[in-house]
Amino acid sequence: MKILVINAGSSSLKYQLMDPDTGDVFAKGLCERIGIDGRLTHKAPAKDVKVTLEIPMPTHAEAITAVLDILVDPVNGVVSSVDEIDAVGHRVVHGGMKFAESCLIDEACLEAVRACIPLGPLHNPANLLGIEACQKILPDKPQVAVFDTAYHMTMPPKAYRYAIPDEYYEKDSLRRYGFHGTSHRYIAKRVEALMGKGLKLINCHLGNGSSLAAIYDGKCQDTSMGLSPLCGVPMGTRCGDMDITVAQFIAKNYNKSIDEVMTILNKKSGVFGLSGGLSSDFRDLESAANEGNEKCKLALDKFAYEVRKYIGAYAAALGGLDVLVFTAGIGENGATTRAAICEGLEFLGVKLDPEKNKLRGDERIISAPDSKVTVWVIPTNEELMIAQDTAELAK
Ligand code: ADP
């Protein structure tokens, strides 16, 4: 089977054409600057193709058309006709309380995704643009929505409820939802395949956006992001957990609207904010810290400290810990950050092997042989999960 996986943002759209059974990626790429001018970067690994094209993309529909055109292109493409694509899987960020699983897209599903816009105002409208463009251009292909929040729906109420007046939950569904669910689910499945069932697992998805999940026997028990992806550990540009009185102070004393304050907390904070606006990229922060930049040292220190605190909290929530996993950009590549996070966690039974931690590669154990907790680096693969769900539901 060949499944087209789409991840639509407000001005960008990522795609992968892949085999859900083998995980082989036939082609992948990115449409950028949708609504501005339009640029397509396309790769077909088996053909050694990498091209960048300037193509006008006033809306997501032109972006999808450009993707399909290049997929069937005799030189750069990987299929002879669009007929070879069996179905389309869409990443949708917020599924609210309606979706504990992926869903074949029909009018009722779309209505439910639209109803989640107030909960996910920054992401769901763009995800819907991608779905609607595909429905217009590929009306006969089954389309599936895969939600970032769905995996976390097994959390118990004590984990997902906020201690605010009851009516905001009953009337408005304000609660912890959690994100990166497709990545956390992929890791939980891999850990089960590698180590078996019934394990207490903490997964650290550390990328531009970062979240941790406490998982027992494959099911999510708690996660660090909340109603939105803003909370939890500090991130590239998001503040993470913080006394919300800070938001009130900034609004009052700098005469800013709620939306302006939210933009500061989402886009100008995190390690970017702590570094004095130098960078949100951990590679930049590490090289500046190595040259003595104190702000960057603090940003890295703060990040590792907060992740370590969550690991301690989740080990307590799970009543123990068997497996600790690092994934996503920083989790997979940031050996220094991994070491900093695990420092002092020996009391929990976490003991890294410093040499193994430095090695690069695919799935690998980085703990010492006598570590009570097995520590893994496992590259995440959200696209594969989306493709597999899509193949299953499209049958
Ligand atoms: P996104 O959340 O956008 O999917 P990624 O999971 O790709 O992000 O992670 C991106 C982050 O990974 C970058 O901001 C960078 O800080 C970090 N990263 C990538 N490579 C390295 C590396 N070799 N060392 C440390 N950090 C890295």
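Residues numbered from 1 in each chain as written. Predicted model: local features only at pLDDT ≥ 70, side-chain atom pairs only at ≥ 80, totals over all residues. Heavy atoms only, no water.

Draft legend 1. Here's a closer look at the site of the ligand. Around the ligand sit Gly 207, Asn 208, Gly 209, Asp 281, Phe 282, Arg 283, Ala 328, Gly 329, Ile 330, Asn 333 and Gly 334, and that is every residue in its neighbourhood. At 3.5 Å, a backbone N or O of Gly 209 approaches an oxygen atom of the ligand. In this structure, Ile 330 approaches the ligand through a main-chain N or O atom, which is 3.4 Å from an oxygen atom. In isolation the ligand has 580 Å² of accessible area, and contact with the protein removes 70% of it. Breaking the shell around the ligand down by element, the ones donating at least two residues are helix H10 (282–290) and helix H12 (328–333). Of the residues forming the shell around the ligand, the biggest block, 4 residues, is contributed by H12. Classifying every residue of the shell around the ligand gives 3 nonpolar, 6 polar and 2 charged. (Near = heavy atom within 4 Å. Polar contact = N/O pair within 3.5 Å; in protein donor to acceptor, adjacent residues only side chain to side chain. Areas by Shrake-Rupley, 256 points an atom, 1.4 Å probe, with all protein chains shown as cover. Helix = DSSP H or I, 4+ residues; strand = E, 2+ residues; numbered from the N terminus. Nonpolar A, V, L, I, M, F, W, Y, C, P; charged D, E, K, R; others polar.)

Draft legend 2. Local environment of the packing of aromatic side chains. In total, this model carries 4 aromatic pairs according to the counting rule given. Ring geometry for Tyr 160 against Tyr 169: centres 6.1 Å apart, planes inclined by 35 degrees, an arrangement best described as tilted. Measuring from ring centre to ring centre gives 5.4 Å for Tyr 310 and Tyr 314, while their planes differ by 70 degrees; the resulting arrangement is edge-to-face. Here the residue Tyr 310 and the residue Tyr 314 both occupy positions in helix H11 (residues 294–318), the gap between them amounting to 4 residues, near one helical turn. The exposure class assigned to Tyr 314 is buried, which follows from its relative accessible area of 4%. One residue, Lys 2, lies across the ring of Phe 26, its end atom 5.3 Å from the ring centre. Above the plane of the ring of Tyr 160 lies Arg 175, whose end atom (NZ or CZ) is 3.7 Å from the centre. (Phe/Tyr/Trp six-rings, centres within 6.5 Å; stacked < 30°, edge-to-face > 60°. Buried < 20%, exposed > 50% of the residue type's maximum accessible area, 1.4 Å probe, protein only. Lys NZ or Arg CZ within 6 Å of the ring centre and 35° of its normal.)

Don't take any of this as a statement about function, it's just geometry.
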